[in-house]
Amino acid sequence: MSLTRRILSLAVPAFAALIAQPLMTLADTWIVGRLGTIPLAGLGIGAVVLTTMVGIMIFLAYGSTATVSRQVGAGNQRRALELGTQAMWLALALGLALVVLTVLGASWIAGALGADDGVHAQAVEYLRWAVPGMPGMLVMLAATGTFRGLSDARTPLVLLVGAASLNFALNLFFVYVVGMGIGGAGLGTAVAETTMGAAAAFLVARQGRRLGARLRPVPVDMWLNLRVGLPLMLRTLALRIAILLTTYVAAAQGAAALAAHHVVMQVWNFLANALDAIAIAGQTIIGTALGASRRDEARESTRLMTRWSIGVGAVLGLVVFVVRGPLAGFFASDLEVRDHAAWLFVVVAVALPLAGYVFLLDGVLIGAGDGPYLARAGVVALLIYVPLAIAVLWLPRGQLGLVGLWLAFAFGYMGARALTLWWRARTEDWMVEGA
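Bear in mind that the values here come from a model prediction, so they are computed numbers and not experimental data.

**Digging into helix α10 (residues 255–291)**
Turning to step 1, where the next piece is worked out: Compared with an ideal rise of 1.5 Å per residue, which puts 37 residues at 54 Å, α10 spans 50 Å between its outermost C-alpha atoms and is within 8% of the ideal.
Turning to step 2, where the next piece is worked out: Taken as a whole, α10 carries its principal kink of about 35° at A277.
Turning to step 3, where the next piece is worked out: Among the 37 residues that make up α10, 34 are buried, leaving the element largely enclosed by the rest of the structure.
Turning to step 4, where the next piece is worked out: Phi turns positive one or two residues past the end of α10, at S293, with a value near 60°.

What follows is the structure, given as structure tokens:
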């Protein structure tokens, strides 16, 4: 199979799988947006907390992809499945801990992010109903990394599309038929995520049994997954701090601005996941190539996928620019929210090619197991972004402040990430061979 065909065979189903999860949040945004500006602003707070948790724990997917693909490249299929299974046990334990902490601290968390009065109440209600789905979501992350490491992009696709469909149907039922309001959107998401995680665990366990892999919890192997993932967790923590800071500054611009920010951030996340499809293919291809000691293949794959990712970003940016008005109106009924969102979509459209470059190199270095450098680079980018975001608080509240915030995020923060990743990718230091 040619390199181009292999990239497509992994990237196309990964694209569909990656956008399926953000579709759950977009479904919540569309459904809750019909309830009014205050519930939508509350969802903006609640959703960013949950996506932060998932984002910080994304190392469960990225780490297992790199670990499993290297074992596959070295010819150790059974060991690959054993490590993937232990990643799922680790995910379950972390997910249960997050449920307890969030239920107890939901009110404080919402307040710390700038929510007050009605927005605070809506955010807390959404969080407490939605967070029980976190263990299932994290198990799915670990299972997804295992499947990708095995070059199986189809199974995560089927599971995520099924969960997204179930989520949409349940949210409509709980919000409008049962009349639960924003809490119904949270409950629907929790049920869908739990179902998805259970199905993923079953499929990985069935494949492991066929090869005689150990499926019970093994603390040593769980620690191995955690040790590989810790640098990626730190890298993602820096990213999520940047997102939380952005939400905090957006909240200071008023309820309408926060609602618009939430709409645009969900679309950004959706498009980021679409761009990340090529990076996901890169994780598997780079990990397998280096595991088999094929350094030239890793370098050539990186060049080709970088060109593709920038090109796809440019195409998506053009689409966003053309449909910015209808897109804003689709998610928000309030005219002020629509106006704010339409301006922000212009910033997003211009920034998407840069985002494609960042996501691709990030995926390549993850596949190479270069977590420690990614952690350091993430901290550097965050330190550059923090003063830019804080400076926005001195701008006039409302549209001007919101546009300034997104310029700082899309070009200041993403630009800093691009520079640090380019600096590493131009060297040979990240190309460590063997399992």
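**Some thoughts on the pattern of salt bridges**
Turning to step 1, where the next piece is worked out: A full pass over the atoms with the stated rule returns nine salt bridges.
Turning to step 2, where the next piece is worked out: Among the ionic pairs, D221 bridges to R214, the shortest N-O distance being 3.3 Å.
Turning to step 3, where the next piece is worked out: What makes D221 buried here is its relative accessible area of 5%.
Turning to step 4, where the next piece is worked out: The partner of R417 in a salt bridge is D362, and the shortest N-O contact between them spans 3.8 Å. Taken together, the positions of R417 in helix α15 (residues 399–425) and D362 in helix α13 (residues 335–367) put the pair 55 residues apart, joining distant regions of the chain.
Turning to step 5, where the next piece is worked out: Taking the relative accessible area as the measure of exposure, D362 reaches 6% and is therefore buried.
Turning to step 6, where the next piece is worked out: Taken together, the shared-partner salt bridges connect R79, E82, R214 and D221 into one network.

**Overview of helix α3 (residues 59–73)**
Turning to step 1, where the next piece is worked out: In a regular helix each residue adds 1.5 Å, so 15 residues correspond to 21 Å; α3 covers 20 Å between its end C-alpha atoms and thus fits that length.
Turning to step 2, where the next piece is worked out: Burial analysis of α3 places 13 of its 15 residues in the buried class, which makes it a mostly covered element.

**What to know about the environment of A425**
Turning to step 1, where the next piece is worked out: With respect to the helices and strands, the residue A425 is situated in helix α15.
Turning to step 2, where the next piece is worked out: Residue A425 is classed as buried on the basis of its relative accessible area of 11%.
Turning to step 3, where the next piece is worked out: Taking C-alpha positions, A425 is 7.2 Å from L361, a pair spaced 64 residues apart along the chain.
Turning to step 4, where the next piece is worked out: Sequence-distant contacts of A425, defined by excluding residues within four places in its chain, comprise R299, L361 and W430.

**Some thoughts on the side chain of R235**
Turning to step 1, where the next piece is worked out: Tracing the sequence through the fold places R235 in helix α9 (residues 219–251).
Turning to step 2, where the next piece is worked out: For R235, a relative accessible area of 9% corresponds to the buried category.
Turning to step 3, where the next piece is worked out: Residues contacting R235, with those up to four places away along its chain left out, are I58, Y62, D362, I366, L374, A375 and R417.

**Some remarks on the packing of aromatic side chains**
Turning to step 1, where the next piece is worked out: Scanning the entire structure with this criterion turns up ten aromatic pairs.
Turning to step 2, where the next piece is worked out: Ring centres 5.3 Å apart and planes at 50° place the aromatic pair Y385 and Y413 in the tilted group. You can see Y385 sitting in helix α14 (residues 371–391) and its partner Y413 sitting in helix α15, a full 28 residues away along the chain.
Turning to step 3, where the next piece is worked out: The buried category is assigned to Y385, whose relative accessible area is 0%.

**With respect to the nonpolar core**
Turning to step 1, where the next piece is worked out: Judged by nonpolar contacts, the single largest core of 145 residues is most densely connected at L60, M134, W268, F345, Y385 and W406.
Turning to step 2, where the next piece is worked out: A total of 21 residues in this core trace back to one element, the largest contributor, which is α10.
Turning to step 3, where the next piece is worked out: If we ignore the near neighbours within four places in the chain, the residues touching L60 are A87, L90, A91, L94, L138, L141 and A142.

About the criteria used
Residues numbered from 1 in each chain as written. Predicted model: local features only at pLDDT ≥ 70, side-chain atom pairs only at ≥ 80, totals over all residues. Heavy atoms only, no water. Helix = DSSP H or I, 4+ residues; strand = E, 2+ residues; numbered from the N terminus. Expected span 1.5 Å × (residues − 1). Bend = angle between axes of the 7 residues up to and from the residue. Buried < 20%, exposed > 50% of the residue type's maximum accessible area, 1.4 Å probe, protein only. Salt bridge = Lys/Arg side-chain N within 4 Å of Asp/Glu carboxyl O. Contact = heavy atoms within 4.5 Å. Phe/Tyr/Trp six-rings, centres within 6.5 Å; stacked < 30°, edge-to-face > 60°. Core = buried A, V, L, I, M, F, W, Y, C linked by side-chain atoms within 4.5 Å.

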